[in-house]
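Inside the fold
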Amino acid sequence: MLRVQIPDLVVRRAAGPDAPAVADVWLRSFTAALPGVRRAHSDGEVRAWFREVVVPTRETWVAAVDGSVVGMMVLDHAEIDQLYLDPAWQGRGIGDRLVRLAKERRPAGLTLWTFQVNGRARRFYERHGFVAVEHTDGSRNEEREPDVCYVWSPVD
C-alpha cells in the first residue's frame, strides 16, 4: 500500500480543548471500521469519557493537519489503549507515525487489543511487528465482541 507522507502533520500531546475533536475522530473511525459491532456507549457518553477521563488523565496524543485533529492515540502504561484515525485520513502514514511514537515512548514493549473482525487493524499491527498472543470470546469487553491481544517486543 502506498503511504503518502503529509508534510504539515503535527503529532503532539492532547490538551483539554482537543477532547471534542479526539472524541469525533474516535466516533467516526469506530462507525466506519466496525459497523457490525455494538457500541457499548452513546455518543454523549463517549464524548464525556474523552473530555473527563481520557484527555485529562491519560497519555493522549493527537495527529493534526492544519490544526484539525485527524488521528488520536492513547497510551496507558505499556498498552496502546486507543488508536483511531479519521477514515478520510487513513492510508497516509499517520497510523505508522503514531505506532512509531508509541514504540519510542514504550521501548520495553507494548500490548493492545482489537476486535477479531477488524481485519484492517489486525493487518496494520502485524505489519508493525505485533504478534497475536490471545484470542477471546469477547466476554471481558463491554461490546461482547471477540477480540485479540497483540504484543510488540523490541528486537535485541
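Right, let's walk through the structure included here.

Parameters and conventions
All residue numbers refer to positions counted from 1 along the written sequence of the respective chain. Given that this is a predicted model, residues contribute local features only at a pLDDT of at least 70 and side-chain atom pairs are listed and counted only at 80 or more, while totals for whole chains, interfaces and linings are drawn from all residues. Calculated side-chain values reflect all of the structure's heavy atoms, with hydrogen atoms and water omitted. In this description a helix means any DSSP run of H or I spanning at least four residues, a strand means any run of E spanning at least two, and both kinds are numbered starting from the N terminus. Whether two residues are in contact is decided by their heavy atoms: any pair within 4.5 Å suffices. Where accessible areas are quoted, they stem from the Shrake-Rupley method and a 1.4 Å probe; at the residue level, only the protein chains shown are allowed to cover. By the counting scheme adopted, Arg and Lys are positive, Glu and Asp are negative, and His together with the chain ends is not counted. The location of each charge is read from NZ of Lys, CZ of Arg, CG of Asp or CD of Glu. Helix span, expected: 1.5 Å multiplied by one less than the number of residues in the helix. With a 1.4 Å probe rolled over the protein chains alone, any residue whose accessible area is under 20% of its type maximum counts as buried; one over 50% counts as exposed, and the rest are partly exposed. Here, any two strands with at least 2 DSSP bridges between them count as paired. Every angle, taken between N-to-C directions, lies between 0 and 180 degrees, and every axis is a line fitted to C-alpha atoms, over only the stretch in contact when it is a helix. Within this document, salt bridges are pairs made up of a side-chain nitrogen of Lys or Arg and a carboxyl oxygen of Asp or Glu, the two lying within 4 Å of each other.

Bringing the overall build of the protein into the picture now. When helices and strands are counted, the protein shows 4 helices and 7 strands. Overall, the protein shows an N-to-C arrangement of helices and strands of β-α-α-β-β-β-α-β-α-β-β. Taking the principal axes of its C-alpha atoms as reference, the protein extends roughly 40 × 40 × 30 Å. In the protein, the share of contacts with a sequence separation of at least 24, taken over all contacts with a separation of at least 6, comes to 62%. Total accessible area on the protein is roughly 8200 Å²; 52% of this is exposed by carbon and sulfur atoms. For the protein, the centre of its 21 positive side-chain charges and the centre of its 22 negative side-chain charges are spaced 3 Å apart.

Moving on: the environment of Phe-124. Mapped onto the secondary structure, Phe-124 falls in helix H4 (residues 119-127). Expressed as a C-alpha distance, the spacing of Phe-124 and Asp-96, which sit 28 residues apart in the sequence, is 8.6 Å. Other than its neighbours up to four places away in sequence, Phe-124 contacts Gly-95, Asp-96 and Val-99.

This part covers helix H1 (residues 19-33). When the terminal C-alpha atoms of H1 are compared, their 21 Å separation across 15 residues agrees well with the 21 Å that a helix rising 1.5 Å per residue should span. The complete set of buried residues in H1 reads Ala-19, Val-22, Ala-23, Val-25, Trp-26, Leu-27, Ser-29 and Phe-30. Where H1 is buried, its residues touch helix H2 (43-57), strand E2 (59-65), strand E3 (68-76), strand E4 (79-85) and strand E5 (110-115).

Okay, the sheet that holds E2 next. The strands making up a sheet are joined through hydrogen bonds of the backbone, oriented either antiparallel or parallel. Pairing is mixed across the open sheet formed by 7 strands, whose spatial order is E1-E2-E3-E4-E5-E7-E6. One side of each edge strand has no neighbouring strand; the edge strands of this open sheet are strand E1 (9-13) and strand E6 (131-135). Put simply, the sheet's adjacent strands are angled 25 degrees from each other on average, direction ignored. Across 6 bridges, E5 lies against strand E7 (residues 147-152) in antiparallel orientation. Within E7, the position partnered with Trp-113 by the bridge is Cys-149.

For the rest of this paragraph, the subject is the pattern of salt bridges. As enumerated under the stated definition, the model contains 9 salt bridges in all. Salt-bridge contacts for Arg-105 lead to Glu-59; the nearest nitrogen and oxygen are separated by 2.7 Å. Note that Arg-105 is positioned in helix H3 (residues 94-105) and Glu-59 in strand E2, a separation of 46 residues in sequence. We classify Arg-105 as partly exposed; its relative accessible area is 39%. Take Glu-59: its relative accessible area is 11%, and that puts it in the buried class. Within this structure, Glu-59, Arg-105 and Arg-106 form a network of salt bridges that share partners.

Structural measurements only, silent on function.
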